[in-house]
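Coordinates in review
Residues per chain, in single letters:
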Amino acid sequence: MTVQAIVKPNTYFDSVSLMSLSTKANQIDGVEQAIIAMGTEMNKEVMKNVGLMTPEVEVAKSSDLIIVVKAETDDLCESAFMSIDELFTKKDTSKGKSEIKYSTIASAAQGIPEANLAVIAVNGAYAPREARKALENNLHVMLFSDNVSIEDEIELKKLAHEKGLLMMGPDCGTAIIGNVALCFANAVRKGSIGIVGASGTGSQEVSVRIHEFGCGITQMIGTGGRDLREEIGGIMMLDGIKALEEDEATKVIVLISKPPAPSVEEKVLAQIKQCKKPVVVWFVGGNEEKVKQAGGHFAKMSKEAALKAVLLAGAEENKLNKRALNIPLIEEVRAKLTPEQKYIRGLFSGGTLCDEAMHTAMEKFDNVYSNIQRDPNYRLKDKNISQDHTFIDFGDDEFTQGKPHPMIDPSTRISRFIQEAKDPSVGVIVMDFVLGYGAHEDPVGAMLPAIMEVKQLAEQEGRHLEIIGYVLGTELDPQNLEEQVEKLLAAGVTRASSNQNAGLLAREFVVKGE
Amino acid sequence: MSGDLGFIERINISSLTGFVHSTFRRTINIQCKENGELFTIASSQVDNGPNSLVINAASLDEFNIDVNEAVFVKNKMLFISNKLAIVIDKADKWESILPEYPSNTQNVIRNIKKMKEYIDNHGKAGGMKKKLSSQSPYETELSRLLEERTILLEKELLNNRLAHALQHAVSLIGLGPGLTPSGDDFLVGLFTTINLRNSPLYSQQSFCEEVVQRAKPLTNEISYMALKKASIGKVRESIIHLVHSILYGKESDLYLSLNKVLNIGSSSGTDIALGLICGLEANLRVGGQL
């Protein structure tokens, strides 16, 4: 006998439907027992008492619907789930809804034979199993889940590579495939530039800059943050480059990542050398010479990467608005800050956006600390206490354990912002506000009361506090870009036109004695 | 069209924004951002209830409203996205007010006896009422726990030891099949009787509040809302009618209103009715009339 369970998060069916579904599920051939109930602690206790507890049931919440099947074999369980799915589907159809919900990858693959990609966002403990099932059903995979072991990642990526499929992730939060934005991504124009990115917000930033320069994206393939590590060997980035090289619509390829492990960098550069299409490389803090030797186009920063890509794609340089830095503004702000106001505090929801701004500061200052610093000497000893110039990535694991990502829930950053603003040694606070699918519906609005509060406080204390805000988004995003920017301006915040400019402005505002 | 007085007032003063929490054929639940509570838009086939608005539509399917769609108030109209606009100026106002507990309880004792017999014959099994037909091991264990915990709760209530009853009441929350677990439904019935003005247990309302304080993580939001409202004596119109019939009604009234409650959900109505009986018997015992 085997017991298997499926949990449908936040799913509500009325009691009559649940009873009827439960009765029908128990009549399915081969099923010894089927239970459909809400995942309350008490119901879980009953299941435990009768030997029907599974890891899935254990983590279910009161608002989740649990379906447990006990049958002779795994195959019978699987087939029972498919039959139960059909019962649910009939229920949904009878309600006149067009959306069909499937509870297993196999039933979805069978129900939608034309599907070729599965987006998986389940608990990390079960994610490899689901991703494997999808690959076995010949589906490309975007695996949003994290907490997947390196061993599982290697195995999944090797399987995908053998089958000629994309294995995006684990921990892949951004992709645009066939002009459809998946998970956190912005609404950008369709075009001729393809991106392979190991960093989510870095890819978002470049895609948005490309859009602003008037060009567009063919595909944006995410690899997951660990792909370029020694153990994984860059399997997905290499397969991604190959996929874009074979894609007729793609004329230019952009690669985005933190610096790869040396052995992986070699492999990537070797593939760039062989690639027949121009490749722009933005590896944050990466080595220009090596990229040039491989025939690639090196970009030190995000806007530069986008600019090089659009020029290679045929855009005319003299028609582009490159949004140069506002030099008079720099002089004006420097004059307002006191000699004691020496430091930048970068409070970011996007990891690569934080990294880029931090690297910009590191070009002029030695004392740049962060929770994502690669140099352990400059890694913050306590993530809650800033030191000199500090850049915080609030999306890093240590801030998100048990909490939503700051792009969804800005509360942690808001309280830190108020804390930093009270520090008299701080001259500039720089922040990103990420728009797009999946992101907070009004990220600037959520921060506004705090901005007003600290502005007033600084004024009472007779000091000027410079706040720089960068809104990452396009006019096509579900949030209103223009409105978000207007809110910032109305609150007296300096708007940066790109993340690159945000980092440069922050740095230049606090440079003394030039 | 009719609606809960508080809900209508909230629309009148434009203090309701939120999103669609869940949708069913006959009801749509709205999560209110201002106070975190659920509000319900119900079809004309549903009775009035706390935080509910009953509209003139037999089914809500036709509106094709989806979970997470925006809800807001403008010009005293409630909007669900651009799919449904509800004008409330002609809505009949309804308020959940329970009847007073009578000084003469002979009618109550007689009606409870009849109610028990009726539920034995016509109540729906699968929750508090045991199934007579063969049960799966899961159903057997569920019935065992429901019965065991209800007996313990009843025992403490009949002896007016509400502090001891608390743990047994909490152990019922979230227990049972259905959207509103049987244990929750039973407690809704029980809470109703503790909130009857002039009843012997009326002074023990804090018991209900204490149970509800512990309920949130133990059940789903829809059922929690029903428990929360019942803990302060706010329940559906059909339950109020039934309580009135038990306290003051004739046999024919009783069966009419009991039938309406028994038709709630799958076994929910039966579970609520059994909770009412439990609470009324406790009231009679504590009042020295049983």
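In the annotation of an unreviewed UniProt entry, the entry for chain B reads DUF2877 domain-containing protein, and the organism field reads Neobacillus rhizosphaerae.

Looking up chain A in an unreviewed UniProt entry gives the name Protein FdrA, with the organism given as Neobacillus rhizosphaerae.

**Some details on the overall build of chain A**
If you tally the helices and strands in chain A, you get 19 helices and 19 strands. In chain A, which comprises 514 residues, the proportion classed as buried is 56%. Taking all contacts inside chain A whose residues are at least 6 apart in sequence as the whole, residues at least 24 apart take part in 70%. Surface accessibility of chain A: about 21,300 Å² in total, with carbon and sulfur atoms responsible for 49%.

**Observations regarding the overall build of chain B**
Within chain B one finds 10 helices and nine strands. Residues classed as buried in chain B amount to 58% of the 290 residues present. For chain B, the accessible surface area stands at approximately 12,100 Å², while carbon and sulfur atoms represent 49% of it.

**A few points about the pattern of salt bridges**
All names here are of chain A. The full count for this structure, using the stated rule, is 49 salt bridges over all chains. The residue R229 makes a salt bridge to E231 at a minimum N-O spacing of 3.5 Å. We classify R229 as partly exposed; its relative accessible area is 40%. Through salt bridges that share partners, K300, E331, R334, E363, K364, R507 and E508 make up one connected network.

**Things to note about the environment of V485 of chain A**
Residue and element names in this part refer to chain A. Residue position: V485 is located in helix α18 (residues 481–490). Residue class for V485 comes out buried when judged on its relative accessible area of 9%. It is 9.7 Å that separates the C-alpha atoms of V485 and F433, two residues lying 52 residues apart in sequence.

**Quick word on the sheet that holds strand β2 (residues 18–23) of chain B**
All names here are of chain B. Read from one edge of the open sheet, nine strands run β8-β7-β6-β2-β3-β4-β5-β1-β9, paired in mixed fashion. The open sheet has two edge strands, β8 (84–87) and β9 (92–94), and neither has a second partner. Put simply, the sheet's adjacent strands are angled 25 degrees from each other on average, direction ignored. Judged from the two bridges that link them, strand β1 (residues 2–4) and strand β5 (residues 52–54) form a sheet pairing that is antiparallel. Residue G3 lies in a different strand from β5, and its bridge partner there is L53. Along the sheet face, helix α1 (residues 5–12) touches β1, β3 (27–32), β4 (38–42), β5, β6 (70–74), β7 (77–80) and β9 and points at about 90 degrees away from the line of β1.

**Side note on the nonpolar core**
Residues and elements named next belong to chain B. L153, L187, F191, F207, V211 and I246 are the most contacted members of the largest nonpolar core, which has 71 residues in total. A total of eight residues in this core trace back to one element, the largest contributor, which is helix α10 (residues 268–286). Those residues within four positions of F191 in sequence are excluded, and the remaining contacts are F207, C208, V211, V212, L227, A230 and S231.

**Considering the interface of chain A and chain B**
Contact residues are listed per partner, giving 28 residues for chain A and 37 residues for chain B. In total, chain A and chain B occlude about 2,500 Å² of area from one another, counting both sides; carbon and sulfur atoms represent 58% of this. Connecting chain A to chain B are two salt bridges. We note a salt bridge from K33 of chain B to E441 of chain A, for which the minimum N-O separation is 3.5 Å. Of all the elements in the fold, those that place two or more residues in the side of chain A that touches chain B are α1 (15–26), β2 (31–38) and α2 (41–49) of chain A. A total of seven residues in the side of chain A that touches chain B trace back to one element, the largest contributor, which is α2 of chain A.

**Considering the sheet that holds strand β5 (residues 140–143) of chain A**
Strand pairing within a sheet occurs via backbone hydrogen bonds; the two strands may be parallel or antiparallel. All names here are of chain A. Strand order in the open sheet made by the three strands is β4-β5-β6, with parallel pairing throughout. One side of each edge strand has no neighbouring strand; the edge strands of this open sheet are β4 (117–120) and β6 (167–168). Against the sheet, helix α6 (residues 127–136) makes contact with β4, β5 and β6, and its axis sits at roughly 160 degrees relative to β5, the strand it touches most.

**Notes on the confidence of the model for chain A**
Caution applies to low-pLDDT parts of the model: their predicted coordinates are not meant to be read in detail. Predicted confidence across chain A gives a mean pLDDT of 91, with 96% of residues reaching 70 or more. Low confidence marks residues 93–98 of chain A, where pLDDT is under 50. Its contacts with residues over four positions away, or in another chain, come to 11 contacts.

**Here we look at unusual backbone geometry**
Excluding glycine, most residues fall at negative phi; most peptide bonds, likewise, are trans. Residues and elements named next belong to chain A. Going from G169 to P170, the amide bond is cis rather than trans, its omega being 10 degrees. For P170, the location among the structural elements is in the loop between β6 and β7 (174–177). Positive phi, normally seen in glycine, also occurs at R323, with a value near 50 degrees. Mapped onto the elements, R323 comes out in the loop between α12 (302–312) and α13 (327–336). Looking at R323, the relative accessible area reads 31%, which means it is partly exposed.

**Description of the packing of aromatic side chains**
All names here are of chain A. Counting across every chain of the model gives seven aromatic pairs over all chains. For the pair F144 and F184, a centre-to-centre distance of 6.1 Å together with 45 degrees between the ring planes defines the contact as tilted. Of the two residues, F144 sits in the loop between β5 and α7 (150–163) while F184 sits in the loop between β8 (180–183) and β9 (190–197), which places them 40 residues apart along the sequence. Residue classification places F144 among the partly exposed positions, given a relative accessible area of 31%. In this structure, R413 packs its charged tip against the face of F433, placed 5.0 Å from the ring centre.

**Let's talk about a negative patch on the surface**
Residues and elements named next belong to chain A. A contiguous patch of negative charge on the surface is contributed by D146, D171, D397 and E398. On the secondary structure map, E398 appears in helix α15 (residues 397–400). Taking relative accessible area as the criterion, E398 reaches 35% and is therefore assigned partly exposed.

**Observations concerning the packing of helix α8 (residues 200–212) of chain A against α12 of chain A**
Residues and elements named next belong to chain A. Close contact between α8 and α12 brings their axes to 9 Å; oriented N to C, the two are set at 50 degrees. Between α8 and α12, the interaxial angle falls into the category oblique. Of the two possible hands of crossing, α8 and α12 adopt the one that is right-handed. Taking contact as the criterion, the partners of E205, V206, R209 and I210 in α8 are, on α12, S302, K303, A305, A306 and V310. In the contact of α8 with α12, the residues fall into five nonpolar, one polar and three charged.

**Let's talk about the pairing of β7 of chain A**
Consecutive side chains of a regular strand alternate in pointing toward one face of the sheet and then the other. Residue and element names in this part refer to chain A. Where β7 and β8 come together, four bridges link them in antiparallel fashion. Note on β8: the bridge partner recorded for I176 is A181. Turn length for the β7-β8 hairpin, with the two strands adjacent in sequence and antiparallel, is two residues, and the turn residue G178 shows positive phi of about 55 degrees.

**Concerning the side chain of Q271 of chain A**
Following the sequence through the fold, Q271 of chain A ends up in helix α10 (residues 262–274). If near-sequence neighbours (up to four positions away) are discounted, Q271 of chain A is found in contact with L238, I241 and K242 of chain A.

**Topic: the environment of I239 of chain B**
By secondary structure assignment, the location of I239 of chain B is in helix α8 (residues 237–248). Spatially, the C-alpha atom of I239 of chain B lies 9.9 Å from that of I264 of chain B, the residues being 25 residues apart in sequence.

**Remarks on the packing of α8 of chain B against α10 of chain B**
All names here are of chain B. One way to put it is that α8 packs onto α10 with a least axis distance of 12 Å and a crossing angle of 40 degrees. Between α8 and α10, the angle is such that the two are oblique. You can see that α8 and α10 cross each other, and the crossing is right-handed. Together, I239, L242, V243, I246 and L247 of α8 and I272, L276 and L280 of α10 make up the contact between the two elements. For the contact of α8 with α10, the per-class residue count stands at eight nonpolar, no polar and no charged.

Thresholds applied
- Counting restarts for each chain: residues are numbered from 1 in the order of the written sequence.
- Chain labels run from A onward and ligand labels from 1 onward, assigned in the order the entries are written.
- Thresholds applied to this predicted model are a pLDDT of at least 70 for local features of residues and 80 or more for the giving and counting of side-chain atom pairs; totals over whole chains, interfaces and linings are not thresholded and use all residues.
- Working from all heavy atoms in the structure, the side-chain values ignore hydrogens and water.
- Under the scheme used here, helices are H or I runs from DSSP no shorter than 4 residues and strands are E runs no shorter than 2 residues, and both carry numbers assigned from the N terminus.
- Burial status follows relative accessibility: with a 1.4 Å probe on protein chains alone, a residue under 20% of its type maximum counts as buried, one over 50% as exposed, and anything between as partly exposed.
- In what follows, residue pairs with any heavy atoms lying within 4.5 Å of each other are defined as contacts.
- Shrake-Rupley sampling with a 1.4 Å probe provides the accessible areas, and residues are treated as covered by the protein chains on show and by no other component.
- The working definition used for a salt bridge is a side-chain nitrogen of Lys or Arg within 4 Å of a carboxyl oxygen of Asp or Glu.
- DSSP calls a pair of strands paired once it identifies at least 2 bridges connecting them.
- Only C-alpha atoms enter the line fits that serve as axes; for helices the fit covers just the stretch in contact. Angles between N-to-C directions range over 0 to 180 degrees.
- For the purposes of this section, nonpolar cores are sets of buried Ala, Val, Leu, Ile, Met, Phe, Trp, Tyr and Cys residues that join through side-chain atoms within 4.5 Å.
- Reported buried area values correspond to the accessible surface (1.4 Å probe) lost by two parts on association, with both partners' losses combined.
- As a per-residue measure, pLDDT tells how confident the predictor is, with possible values from 0 to 100.
- We call Phe, Tyr and Trp rings a pair once their centres come within 6.5 Å, taking the six-membered ring for Trp, and we label the pair stacked below 30 degrees between planes, edge-to-face above 60, and tilted otherwise.
- In our convention, an over-ring charge means Lys NZ or Arg CZ found within 6 Å of a ring centre and within 35 degrees of that ring's normal.
- In this analysis, a patch consists of residues with relative accessible area above 30% that form no salt bridge, clustered at 9 Å for like charges and at 5 Å for the nonpolar side chains Val, Leu, Ile, Met, Phe, Trp and Tyr.
- Residues scored as positive are Lys and Arg, those scored as negative are Asp and Glu, and His as well as the terminal groups of each chain are ignored.
- Think of each charge as sitting on NZ of Lys, CZ of Arg, CG of Asp or CD of Glu.
- Orientation is classified from the angle alone, with under 35 degrees giving roughly parallel, over 145 giving roughly antiparallel, 65 to 115 giving roughly perpendicular, and any other angle giving oblique.
- The handedness criterion is simple: a crossing whose near helix is rotated anticlockwise from the far helix by less than a right angle is left-handed, and one whose near helix is rotated clockwise is right-handed.
- Ten residues, namely Ala, Val, Leu, Ile, Met, Phe, Trp, Tyr, Cys and Pro, are considered nonpolar, four, namely Asp, Glu, Lys and Arg, are considered charged, and the remaining ones, Gly among them, are considered polar.

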